[in-house]
Amino acid sequence: RDVARVQINLARIQSKAESDRAEAQEELKTLLAVQTYNAEIMQALATRCVETKEIDAAIGYYSDIVALPLLEGYLMSLRSGQPPGDPT
């Protein structure tokens, strides 16, 4: 259900109607709280923030996007030397 909501709002945030874009932005913020590292949501929100001149918020979203690849390496280093087991 959340995946469908994400896809619907990703389409709505590109709408020509400002009210649709604003509603989609708020819905995507809610969904980002559930799917914390969803890069598609962060990208859409960052782009929307640039359009609405919310530069600090846009920088925050872009910073999170850039940091995501580093998270995998960090998590792998934490597991280094541990016996195999639950991959999470």
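Residues numbered from 1 in each chain as written. Predicted model: local features only at pLDDT ≥ 70, side-chain atom pairs only at ≥ 80, totals over all residues. Heavy atoms only, no water.

Draft legend 1. Up close: the packing of helix α2 (residues 18-34) against helix α3 (residues 39-51). Orientation of α2 relative to α3, taken along the N-to-C sense of each, is 135°, at an axis distance of 10 Å. The orientation of α2 relative to α3 falls into the category oblique. As α2 runs across α3, the sense of the crossing is left-handed. Residues Glu18, Arg21, Ala22, Gln25, Leu28, Lys29, Leu31 and Leu32 of α2 lie in contact with α3, whose contacting residues are Ile41, Met42, Ala44, Leu45, Arg48, Cys49 and Glu51. Along the lines of polarity and charge, the residues of the contact of α2 with α3 split into 9 nonpolar, 1 polar and 5 charged. (Axes fitted to C-alpha atoms, helices over the stretch in contact; angles between N-to-C directions. Helix = DSSP H or I, 4+ residues; strand = E, 2+ residues; numbered from the N terminus. Parallel < 35°, antiparallel > 145°, perpendicular 65-115°, else oblique. Left-handed = near helix turned anticlockwise from the far one by under 90°. Contact = heavy atoms within 4.5 Å. Nonpolar A, V, L, I, M, F, W, Y, C, P; charged D, E, K, R; others polar.)

Draft legend 2. Structural detail: the pattern of salt bridges. The tally for this structure, following the rule as stated, stands at 8 salt bridges. Among the ionic pairs, glutamate 27 bridges to arginine 5, the shortest N-O distance being 2.3 Å. Of the two residues, glutamate 27 sits in helix α2 while arginine 5 sits in helix α1 (residues 2-12), which places them 22 residues apart along the sequence. According to the relative accessible area criterion, glutamate 27 is partly exposed, its value standing at 23%. Taking the shortest distance from any N to any O, the salt bridge between glutamate 51 and arginine 48 comes out at 4.0 Å. Highlighted residues: glutamate 51 and arginine 48, both in helix α3, separated by 3 residues, approximately one helical turn. Overlapping salt bridges, with partners in common, bring together Glu18, Arg21, Arg48 and Glu51 in one network. (Salt bridge = Lys/Arg side-chain N within 4 Å of Asp/Glu carboxyl O. Buried < 20%, exposed > 50% of the residue type's maximum accessible area, 1.4 Å probe, protein only.)

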